[in-house]
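Listed here are the chains, written in short residue letters.
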Amino acid sequence: MIWENLQWGLYLITLILAGTTALLGLFVLNKLFQNKLKDLFSNVSFFVFFLLIFGYSCFALGEVTWFLIFDVFKQMPSASMPDVYWVVGSVFQLLAYVSFSAYMFKHHGQLRHAVALLIFGGVVLAGVLGFIFGLNLVGAERTVGSAFLGYFYPLMTGLILIASLSVYLFIEKIGMFQTNFLFLFLANFAFLAGDLLYTYVTATGGYGVLGATSELLYIAAYLLCSLSFFILLMKTRNYSSAGPLKN
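The present account deals with the structure reproduced in this document. This structure is a prediction, so every number in the text was calculated from the model and none was measured.

**Here's the deal with the packing of aromatic side chains**
1) Next: Applying the stated criterion across every chain yields a total of 20 aromatic pairs.
2) Next: Arranged with centres 6.4 Å apart and planes meeting at 25 degrees, the rings of Tyr-56 and Phe-191 form a pair that is stacked. With Tyr-56 in helix H2 (residues 44-72) and Phe-191 in helix H7 (residues 178-204), this residue pair connects regions lying 135 residues apart in the sequence.
3) Next: On the basis of relative accessible area, Tyr-56 is assigned to the buried category, the value being 0%.
4) Next: Using a relative accessible area of 6% as the deciding quantity, one classes Phe-191 as buried.
5) Next: Ring centres of Tyr-56 and Phe-229 lie 5.8 Å apart, and the angle between their planes is 70 degrees; this geometry places the pair in the edge-to-face category. In this pair, Tyr-56 is assigned in helix H2 and Phe-229 in helix H8 (residues 208-235), connecting sequence segments 173 residues apart.

Now the structure itself:
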């Protein structure tokens, strides 16, 4: 019962940090345009951050609508409008990391990097698929939409984590953005763990310690993202004198 009593507070903290992530990201974009950086889309680092900021803004909208349904209507939201925002946001995040990975492999890739990515990707995908297919996500009380999302979220987050491994593989080539990308990479671990736990909780019913833990993981993930964008905001003023990527 104690965990259920903490549920509202944990959801509120998640909402605040998700909103903070999106706002800091928008401030970063505003700073870039204010400085008249015309090469925003010609530079892979800023292009990736642009996609990520859009994705996290969608996440924030999803958290807001989810919390309103939970708090105002006193219902646990099923497949509904928040999921539209989360699905769109996750697609943009995956596109961001795939773009980054493709660029880094094209310019700096070696055989050992490809092998590491394949091994890491195989382990993550095997773990995620084994976990979600071991659950009864297609039950009599579940709609087709909710069952689909139960598979979609962990799998999509797993793909995002795999694509973002390039951050670690090419960390020395990222230049001034090492800390920012590393925080986002670590956040992807927390998002995946949170999605797996949340999927398990929704499949088995109840909330309890596992439900609270999943929310704490989301809080940690959004906190890391907020820190990444805050540090980036502080760095944008020095962009003109520092290259975005080492060649």
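Let us keep going from here.
**A short note on the environment of Trp-66**
1) Next: On the secondary structure map, Trp-66 appears in helix H2.
2) Next: Each C-alpha atom, one on Trp-66 and one on Ser-80, is 8.8 Å from the other, the two residues being 14 residues apart in sequence.

**Quick word on the packing of H2 against helix H3 (residues 81-108)**
1) Next: Where H2 meets H3, the closest approach of the two axes is 8 Å, and the angle between their N-to-C directions is 165 degrees. As the angle between them shows, H2 and H3 are arranged roughly antiparallel. Here H2 and H3 pass one another in a crossing that is left-handed.
2) Next: Among the residues making up the contact of H2 with H3, the classes are represented as 22 nonpolar, seven polar and one charged.

**Quick notes on the side chain of Thr-157**
1) Next: Among the secondary structure elements, Thr-157 is positioned in helix H5 (residues 144-163).
2) Next: A distance of 2.4 Å separates polar atoms of two side chains, one belonging to Thr-157 and the other to Asp-195.
3) Next: When sequence neighbours within four positions are dropped, the list of residues in contact with Thr-157 reads Asn-188, Phe-191, Leu-192 and Asp-195.

**Brief notes about the packing of helix H4 (residues 111-133) against H7**
1) Next: Their axes nearest at 10 Å, the elements H4 and H7 cross at an angle of 15 degrees. As judged from the angle between their axes, H4 and H7 are roughly parallel. Where H4 crosses over H7, the two elements pack in a sense that is left-handed. Where H4 approaches H7, its residues Phe-120, Val-124, Val-128, Phe-131 and Ile-132 are matched on the opposing element by Phe-189, Leu-192, Leu-196 and Tyr-200.
2) Next: Here the residues of the contact of H4 with H7 sort into nine nonpolar, no polar and no charged.

**Remarks on a nonpolar patch on the surface**
1) Next: Residues Phe-54, Met-81, Val-84 and Val-88 make up a contiguous nonpolar surface patch of roughly 320 Å² in combined accessible area.
2) Next: Here the nonpolar patch takes three residues from H3, the largest share from any one element.
3) Next: Looking at the secondary structure, you find Met-81 in helix H3.
4) Next: Of the residues examined, Met-81 reaches a relative accessible area of 44% and is grouped as partly exposed.

**Considerations on H4**
Residues lying three or four places apart along an α-helix face the same way, a consequence of the helix completing one turn every 3.6 residues.
1) Next: Here H4 is 23 residues long and its end C-alpha atoms lie 32 Å apart, about the 33 Å a rise of 1.5 Å per residue gives.
2) Next: Listing the buried residues of H4 in full gives His-113, Phe-120, Gly-121, Val-124, Val-128 and Ile-132.
3) Next: Close packing links the buried residues of H4 with H3, H5, helix H6 (165-169) and H7.

Cut-offs used in this document
Residue numbers restart at each chain and count upward from 1, following the sequence in its written direction. pLDDT decides what is reported in this predicted model: residues at 70 or higher carry local features, side-chain atom pairs at 80 or more are listed and counted, and totals for whole chains, interfaces and linings draw on all residues regardless. Computation of side-chain values covers all heavy atoms of the structure but excludes hydrogens and water. Aromatic rings from Phe, Tyr and Trp, taking only the six-membered ring of Trp, are treated as a pair when their centres fall within 6.5 Å; an angle between ring planes under 30 degrees marks them as stacked, one over 60 as edge-to-face, and anything in between as tilted. A run of DSSP states H or I qualifies as a helix once it reaches four residues; a run of E qualifies as a strand once it reaches two. Both are numbered from the N-terminal end. Three exposure classes are used, based on accessible area relative to the maximum for each residue type with a 1.4 Å probe and protein chains only: buried under 20%, partly exposed in between, and exposed over 50%. For helices, the fitted line uses only the C-alpha atoms of the stretch in contact; every axis is such a line through C-alpha atoms, and the angle between N-to-C directions lies from 0 to 180 degrees. For classification purposes, angles smaller than 35 degrees are called roughly parallel, those larger than 145 roughly antiparallel, those between 65 and 115 roughly perpendicular, and all remaining angles oblique. Each crossing is labelled by how the near helix is turned from the far one, with a counterclockwise turn of less than a right angle marking it left-handed and a clockwise turn marking it right-handed. Think of it as three bins: nonpolar holds Ala, Val, Leu, Ile, Met, Phe, Trp, Tyr, Cys and Pro, charged holds Asp, Glu, Lys and Arg, and polar takes everything else, Gly as well. Residues adjacent in sequence count toward polar contacts only when both atoms are side-chain atoms; beyond that, a polar contact is any pair of N or O atoms within 3.5 Å, and within protein one must be able to donate a hydrogen and the other to accept it. Every residue pair with non-hydrogen atoms within 4.5 Å of one another is taken to be in contact. Exposure above 30% relative accessible area and no salt bridge define the residues that can form patches, which grow by joining like charges within 9 Å and nonpolar side chains of Val, Leu, Ile, Met, Phe, Trp and Tyr within 5 Å. Note on areas: Shrake-Rupley, 1.4 Å probe, and residue coverage restricted to the protein chains presented here. Salt bridge criterion: a side-chain nitrogen from Lys or Arg within 4 Å of a carboxyl oxygen from Asp or Glu. Multiply 1.5 Å by the residue count of a helix minus one, and that product is the helix's expected span.

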